[in-house]
Structures are given as structure tokens and as C-alpha cells.
Amino acid sequence: MGLLDVFGKKDVSGELTKKAPYGLKLSLHPFRITANRSDSVRMNVKVTNRSTEPLLTSVVVQVPKKLGLDSTCLSSAREIRIGELAPGDSKEFGVDIFGGTKTDEGHYDINVTAIAHYRNYAYVLNSEKAATSLRAVKA
């Protein structure tokens, strides 16, 4: 009999650290951006809890320095705190990605990480990463 059994809690950390706890789907609308001009696209992110336990969830979006997550292109990373996600449940939200005068023609990788936390957002249990590519074209 373990200490957690006395308090009615069960230890599920072994199950949650062995496999990927999330499913991530990313889509861009429109799927390209105009180079060297103020323009934006919307990235839709869908996070699905694949585990059998509710998970405290946050999502981190990172873009290259020539893109931005605000209209001035100064912010290149953003954390979105979703809260507790029930087993099998999904959450969908959008993130605006901006280009500016420094955005040259080419492909830019966008990284998205879904993080499972325990206790509060300071403690990380497991994470799942996904990436997509945004193309900048001349007008």
C-alpha cells in the first residue's frame, strides 16, 4: 500500500510519460503570406487529449524572427493556457501570424508544442510537438 493510496489518489505518471498524450492538427488560412509587406494568416490549432486522464494543458507557438505573433512582428513566441482537458476531449483555437517588411520570400517553419502539466503550469509532465511550414511569396 503506497502513500498515495491512503489519500485515495492513484499514480498515473508512468502511463502519461510513456506515450504522446496529445494529438495536434495545424492548418493555415490562407496557406501563404505576401513577402516584404504587412500581411497575416490564421493558424488553426486543434489539441486532442489521447490519454485516459484529464490533463492541465498549455500550447506554445514559436515562429522565426522574420515573422511575428503581433502586428509589429516583435513577439516570436506565445503560450496559450487551455486549462484542464478531459480524456478524449478536443480544443480548437486560432493564432494570427504576421509578416512585415523584413519577411523575405521563402519557407518559414512554425513550431507548436502541447504541454501536459501537473499541479500548476510550472511543472511539466510530458509534451508533444508539431510543425508546419508557411510560404512567403512576392506579390
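Per chain, residues are indexed from 1 in the order of the written sequence. In keeping with the model being predicted, local features are shown solely for residues with a pLDDT of at least 70 and side-chain atom pairs are shown and tallied solely at 80 or more, while totals for entire chains, interfaces and linings include all residues. Working from all heavy atoms in the structure, the side-chain values ignore hydrogens and water.

Student: Help me understand the overall build of the protein chain, please; the structure alone is not making it clear to me.
Tutor: Only runs of H or I of at least four residues qualify as helices and only runs of E of at least two qualify as strands under DSSP, and these elements are numbered from the N terminus. Each helix and strand in the protein chain was counted, giving two helices and nine strands. Each helix (α) and strand (β) of the protein chain, taken in turn from the N terminus, gives the series α-α-β-β-β-β-β-β-β-β-β. For each residue, the accessible area found with a 1.4 Å probe, counting protein chains only, is set against the maximum for its type, and the residue is called buried under 20%, exposed over 50%, and partly exposed in between. Burial analysis of the protein chain (139 residues in total) assigns 38% to the buried set. Throughout, a contact is declared for two residues whenever any of their heavy atoms are within 4.5 Å. In the protein chain, of all internal contacts separated by at least 6 residues, the share reaching a separation of at least 24 is 71%. For accessible areas, the Shrake-Rupley method is used with a probe of radius 1.4 Å. Any residue's cover is judged against the shown protein chains and nothing else. Split by element, the accessible area of the protein chain, about 8,300 Å² in all, is 48% carbon and sulfur.

Student: Explain the packing of aromatic side chains to me, please; I cannot follow it from the model alone.
Tutor: Each pair of aromatic rings is reported with the distance of its centres and the angle of its planes. Pairing of aromatic rings covers Phe, Tyr and Trp, the last counted by its six-membered ring, and requires centre-to-centre distances within 6.5 Å; plane angles under 30 degrees mean stacked, over 60 mean edge-to-face, and any other angle means tilted. Tallied over the full model, the rule gives one aromatic pair. Taken together, a centroid distance of 5.4 Å and an interplanar angle of 35° make the contact between tyrosine 118 and tyrosine 123 tilted. For arginine 119, the ring lying beneath its charged end belongs to tyrosine 123, and the centroid distance is 5.0 Å. When the NZ atom of lysine or the CZ atom of arginine is within 6 Å of a ring's centre and also within 35 degrees of its normal, the charge is said to sit over that ring.

Student: Explain the sheet that holds strand β1 (residues 22-29) to me, please; I cannot follow it from the model alone.
Tutor: Strand pairs in the sheet, formed through backbone hydrogen bonds, run parallel or antiparallel to each other. The antiparallel open sheet is built from four strands, whose spatial order is β1-β3-β7-β5. Unpaired on one side and paired on the other, β1 and β5 (67-68) mark the two borders of the sheet. Note on pairing: two strands pair once DSSP finds at least 2 bridges between them. One ladder, built from 10 bridges, connects strand β3 (residues 39-49) with strand β7 (residues 90-99); its direction is antiparallel. Bridge assignment links valine 47 to a residue of β7, and that residue is lysine 91.

Student: Which parts of the structure should I look at to understand the pairing of strand β9 (residues 120-137)?
Tutor: For a regular strand, side chains alternate in direction, first toward one face of the sheet and then toward the other. Bridging between strand β2 (residues 32-34) and β9 involves three bridges; their strand directions are parallel. Among the inter-strand pairings, isoleucine 33 is bridged to a residue of β9, identified as alanine 136. Summarising the sheet, strand β8 (residues 106-118) and β9 pair through 13 bridges and their orientation is antiparallel. Bridging across to β9, isoleucine 115 finds its partner in serine 127. Between β8 and β9, which pair antiparallel one after the other, the connecting turn spans one residue, and arginine 119 there sits at a positive phi close to 65°.

Student: Would you mind showing me how to read the sheet that holds strand β4 (residues 55-62) here?
Tutor: The strand order across the open sheet formed by five strands is β2-β9-β8-β4-β6, and the pairing between neighbours is mixed. At either end of the open sheet lies a strand with only one pairing partner, and these are β2 and β6 (77-85). When strand polarity is set aside, the average angle formed by the axes of neighbouring strands in this sheet is 30°. Axis lines are fitted to C-alpha atoms, over the contacting stretch for helices. Their N-to-C directions set the angle, which ranges from 0 to 180 degrees.

Student: Where do I start with the pattern of salt bridges in this structure?
Tutor: Proximity of charged atoms lets side chains of opposite charge pair with each other. By definition, a salt bridge exists where a carboxyl oxygen of Asp or Glu is found within 4 Å of a side-chain nitrogen of Lys or Arg. Inspection of the entire model under this criterion finds three salt bridges. Arginine 42 serves as the salt-bridge partner of aspartate 96, at 2.9 Å between the closest nitrogen and oxygen. Of this pair, aspartate 96 sits in strand β7 while arginine 42 sits in strand β3; the two residues are 54 residues apart in sequence, bridging distant segments of the chain. Among the salt bridges present, the one from glutamate 79 reaches arginine 81, with a minimum N-O distance of 3.7 Å.

Treat this as a map of the structure, not an account of what it does.
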